[in-house]
Amino acid sequence: MSARFGERVRSVLGARGPLCVGIDPHAALLASWGLSDDAQGVREFGLRTVEAATGRVGFVKPQVSFFERFGSRGIAALEDVLAAARAAGLIVIADAKRGDIGSTMDDYARAWLTPGSPLEADALTVSPFLGVGALDGAFALAGEHHKGLFVLAATSNPQAEGLQRSMSSDGATVSASIISEVSGRNAEQIGAGEWGSFGFVIGATVEWAPAGIEPFDPVAPILAPGFGAQGAAPSDLRPRFGALSDAVIASESRSILSAGPVDLARTVAARAAEYLEVAGV
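Residues numbered from 1 in each chain as written. Predicted model: local features only at pLDDT ≥ 70, side-chain atom pairs only at ≥ 80, totals over all residues. Heavy atoms only, no water.

Peer 1: Now, about the packing of aromatic side chains: what can you tell me, with residues and values included?
Peer 2: Applying the stated criterion to the full structure yields six aromatic pairs. With 4.9 Å between their ring centres and 65° between their planes, Phe-200 and Phe-216 make a pair best called edge-to-face. Residue Phe-200 is located in strand S6 (residues 198-202), and its partner Phe-216 is located in the loop between helix H10 (208-211) and strand S7 (222-224); the two are separated by 16 residues in the primary sequence. With respect to class, Phe-200 is no different from Phe-216; both count as buried. (Phe/Tyr/Trp six-rings, centres within 6.5 Å; stacked < 30°, edge-to-face > 60°. Helix = DSSP H or I, 4+ residues; strand = E, 2+ residues; numbered from the N terminus. Buried < 20%, exposed > 50% of the residue type's maximum accessible area, 1.4 Å probe, protein only.)

Here you go:
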């Protein structure tokens, strides 16, 4: 793998558009799909979603918690889904939101970002709320293996506002400070005009001005949950993200998965076409 993660994302966005299909096999969806609420059910759900996404979108995002709840068998199911998605040429974002310090964080990164690991993904969501510096081992490992990180910066859940919009000593919001620190790490690793590999999670329903954030440089991928069932539509992508719209990975889960296994591929294709039109791809 020669290209850095940021450049890989840039290429896939240009070819396939911004839609990312979330793989969220929660109990209600398993039931509606006629699948058992166990490790075999989540494995089948995940593999069918990968099949529907292949050739229609460039990204999938398994939500790790829905597999973890079944213990070792659930993790084994997740390993199969991750491997199938990567074999299909999809960019796989493990939505695990890991965040810790020292060797603990380093081993989280090794589990998800080491080539050949059973849980290998192309990128991992991480939490910076123990300090961005606590993620240094993950930044180093991701850079070494041309993997990506998506750092939680401005999430759309209401409980986050008090923390993420609080002011640091320099008058910037916590969200803005996170983006600034991570952008500095991107600038150290890339050449002129390249995209950074350390991206951000910024909710599609987040108002940037109240959150204290603004367009950043260098460009890095933005993982944007909140499209679909959470209220944002494809037409909101450019008004919300402005100059950085072309770097957005628009994540949808329930709005697509609720179509069920029979209509899933058609739903993915139709939704991808909407985003392609918006993106001008």
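Read on for the rest.
Peer 1: Could you give an account of the pairing of strand S4 (residues 123-126), with specific residues and numbers?
Peer 2: Burial along S4 is two-sided: the face carrying Ala-123 and Thr-125 and the face carrying Leu-124 and Val-126 are both buried. Sheet topology note: the strand S3 (residues 91-98)/S4 ladder contains three bridges and is parallel. Within S4, the position partnered with Ile-93 by the bridge is Ala-123. A crossover connection joins S3 to the parallel S4 through helix H6 (residues 102-113); in handedness this β-α-β unit is right-handed. What joins S4 to strand S5 (residues 148-154) is helix H7 (residues 136-145), and the crossover it makes is right-handed. (Pairing = 2+ DSSP bridges. Right-handed = clockwise from strand over helix to strand, strands pointing away.)

Peer 1: Tell me about the pattern of salt bridges, and please be specific about residues and values.
Peer 2: For side chains bearing opposite charge, pairing can occur when the charged atoms are close. With the rule as written, the count across this model stands at 20 salt bridges. Its salt-bridge partner being Arg-69, residue Asp-37 comes within 2.5 Å of it at the nearest N-O pair. Separated by 32 residues along the polypeptide, Asp-37 in the loop between helix H2 (27-32) and helix H3 (39-53) and Arg-69 in the loop between helix H4 (65-68) and helix H5 (71-87) bring together distant segments of the chain. Classification of Arg-69 by relative accessible area gives partly exposed; the value is 39%. For the salt bridge of Glu-120 with Arg-86, the shortest nitrogen-to-oxygen distance reads 3.1 Å. Taken together, the residues span a long stretch of sequence, with Glu-120 in the loop between H6 and S4 and Arg-86 in helix H5 at a distance of 34 residues. We classify Glu-120 as buried; its relative accessible area is 11%. Arg-86 sits in the partly exposed class, given a relative accessible area of 26%. Bridged by salt links that share partners, the residues Arg-8, Arg-86, Glu-120, Asp-122 and Lys-147 form one connected network. (Salt bridge = Lys/Arg side-chain N within 4 Å of Asp/Glu carboxyl O.)

Peer 1: Report on unusual backbone geometry, specifying residues and quantitative values.
Peer 2: Cis rather than trans, the peptide bond between Asp-217 and Pro-218 has omega equal to 0°. The topology assignment puts Pro-218 in the loop between H10 and S7. One non-glycine residue, His-146, lies in the positive phi region at around 60°. Note on His-146: relative accessible area 19%, which makes it buried.

All we've got here are geometric facts, nothing functional implied.
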